[in-house]
Every structure is written in C-alpha cells, then in structure tokens.
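Observations on the three-dimensional arrangement
Spelled out, the chains give:
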Amino acid sequence: MDMNEKPKVEEKVQEVPEVEAQQLPETKEGKLVAEILRKAPYAEGSVRRARRVEFKVPADRIKEFLELTSEKFEMLMQISVVDWIKEGEFELVYQLWSVSESVHAFVKTRIPRENAKLPTVMDIWPVAETYEREAHEFFGIIFEGNPRLGPFILEPREYEKHPLRKDFNTLAYAKTIYGEDFDRYDESKTNYVI
C-alpha cells in the first residue's frame, strides 16, 4: 500500500429482507383457507390454530364472501360486534362452523359507526335474522334486506338508544328513567350501594 493512498473502507450494504407472502400451513385448515382465498383474492386469511381460521374482508364484498364460504361453512353460529370508538368503526365478526371439515371460522369486516349498514345474510343462513336484529337494536347497525329490524329485546323506551355502544352513558340513562331516587351509585365512586 502506498503511503499517499487512503485505506479502503469496506462498504457495508445492509440487506433488507424481502417481505414474503404469508405461508399457510400444510394442514386441512391451511388448505381450506388457500382454497377460499383463490376464489376471493380480495380477502385476507390465516390459520389461528388447529380447527380455527380467520378471514378479513372489505365491507363492500362481505355478502359475496359469505355466499362463497357457505359452500364449506354450513352453519352461522353468531354475529358479534366490536365498537372501535376511537377509530370510528364497528367490526362485525361472523362466526361460521364447517360441519364437513370441523373448522371454526371468524370472518371479520369493518364499517363506519355513522350510518352503519351492511346487507343481510338471512338468505344464506336464516338464523342470521336473530343476530342481525340484536346488532341493530344494541349498536344501531342497519342490515339492508332484513324486514324485521325493530324492537326486539329492549323495551320501547330503550329502543333507538343502542346501549352497547361505548359512548352510551348508562348512569345518565338510569337516572333519566328512575329519577333522583336512583341511589345505587355514589357519584364519588367510593361507595357502591346495592
């Protein structure tokens, strides 16, 4: 090396790992998810564990996706709602059961809290009527095509209040209904009277 020559500094090139598409396991669950995703590339799917799979579907394609999955998942077990108040969204979770495959599926979609609407799935699974009526009454979600959205579980004075929304003030509502005689709760939250 010449004295006037600067020593060479090795350039360190940082390799960026390539993001790989999620690999599904070679199990009956993985094959089932892969089969459904081939027909519905707009959805995301994963295997949570043995006999449990999950799909995330855009709200505008939920009916189409549920019609497709009904070929493998014969039973609708439940429709539940999660109120993501900070995000201004409701997440609906359709829980399905495949009798033929013995697999439980969670199909999730999100819709805005304001003017929350989705199409009914009563024509796919008639039992959906009950779950849709409950979600309508407690959260205010409208299921277009369900003719029986109306008072169901709550009393008429409670209907349209949507008591399972996170912004529902239970204490203020109870005081409105029961008046100042409502003495089961101390405002300081130090003394609960039952």
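Throughout what follows, the structure given in this document is the object of discussion.

What follows covers the nonpolar core. Ranked by internal contacts, the top residues of the largest apolar core, which has 40 residues, are F55, L92 and Y94. The set of elements that each furnish at least two residues to this core consists of helix 1 (28-39), strand 2 (52-56), helix 2 (62-69), strand 3 (75-84), strand 4 (89-98), strand 5 (103-112) and helix 3 (128-139).

Before going further, it helps to examine unusual backbone geometry. The phi dihedral of R51 falls on the positive side, at around 65 degrees, and the residue is not glycine. Here R51 lies in the loop between strand 1 (44-49) and strand 2. Phi at S102 is positive, roughly 55 degrees, even though this residue is not glycine. Position of S102 among the secondary structure elements: in the loop between strand 4 and strand 5. Among the residues examined, S102 registers a relative accessible area of 27% and is labelled partly exposed.

Tallying each qualifying case throughout the model produces 4 aromatic pairs. Between the aromatic rings of F90 and F139, the centroid separation amounts to 5.7 Å while the plane-to-plane angle is 80 degrees, which identifies the pairing as edge-to-face. Within this pair, whereas F90 is found in strand 4, its partner F139 is found in helix 3, the two being separated by 49 residues in sequence. Neither residue differs from the other here; F90 and F139 are each classed as buried. Within the aromatic cluster, the residues linked to one another by ring pairs are Y42, F55 and F65. Here the guanidinium or amino end of K166 rests over the ring plane of W84, the centre of that ring lying 6.0 Å away.

What follows is about empty space enclosed by the protein. Following the criterion strictly, the structure yields 1 cavity of 30 Å³ or more and no others. There is about 30 Å³ of room inside the largest cavity. Lining of the largest cavity is provided by E35, I36, K39, L68, E71 and K72. With 3 residues, helix 1 is the single largest residue contributor to the lining of the largest cavity. Across the lining of the largest cavity, the residue classes tally to 2 nonpolar, no polar and 4 charged.

It is worth spelling out the side chain of K108 at this point. Inspection of the secondary structure puts K108 in strand 5. Beyond its immediate sequence surroundings of up to four residues, K108 is in contact with E54, F55, K56, V57, E91, L92 and V93.

Once that is clear, we can look at the pattern of salt bridges. Side-chain pairs of opposite charge can arise where the charged atoms are in close proximity. Scanning all chains against the criterion turns up 13 salt bridges. One salt bridge in this structure joins R110 and E89, with 3.0 Å as the shortest N-O distance. One end of the pair, R110, is in strand 5; the other, E89, is in strand 4, with 21 residues separating them in the sequence. Two residues, E91 and R110, come together in a salt bridge whose shortest N-O distance is 3.8 Å. Of the two residues, E91 is situated in strand 4 and R110 in strand 5; the sequence distance between them amounts to 19 residues. Judged by relative accessible area, R110 falls into the partly exposed class, the value being 31%. Residues participating in the shared-partner salt-bridge network are E35, K39, E71 and K72.

What counts as what
Residues numbered from 1 in each chain as written. Predicted model: local features only at pLDDT ≥ 70, side-chain atom pairs only at ≥ 80, totals over all residues. Heavy atoms only, no water. Core = buried A, V, L, I, M, F, W, Y, C linked by side-chain atoms within 4.5 Å. Buried < 20%, exposed > 50% of the residue type's maximum accessible area, 1.4 Å probe, protein only. Helix = DSSP H or I, 4+ residues; strand = E, 2+ residues; numbered from the N terminus. Phe/Tyr/Trp six-rings, centres within 6.5 Å; stacked < 30°, edge-to-face > 60°. Lys NZ or Arg CZ within 6 Å of the ring centre and 35° of its normal. 1 Å grid on protein atoms, 1.4 Å probe; cavity = no way out; pocket = protein on both sides within 12 Å on 5 of 7 lines; lining within 4 Å. Points joined across faces, edges and corners; volume = space filled by probe spheres on them. Nonpolar A, V, L, I, M, F, W, Y, C, P; charged D, E, K, R; others polar. Contact = heavy atoms within 4.5 Å. Salt bridge = Lys/Arg side-chain N within 4 Å of Asp/Glu carboxyl O.

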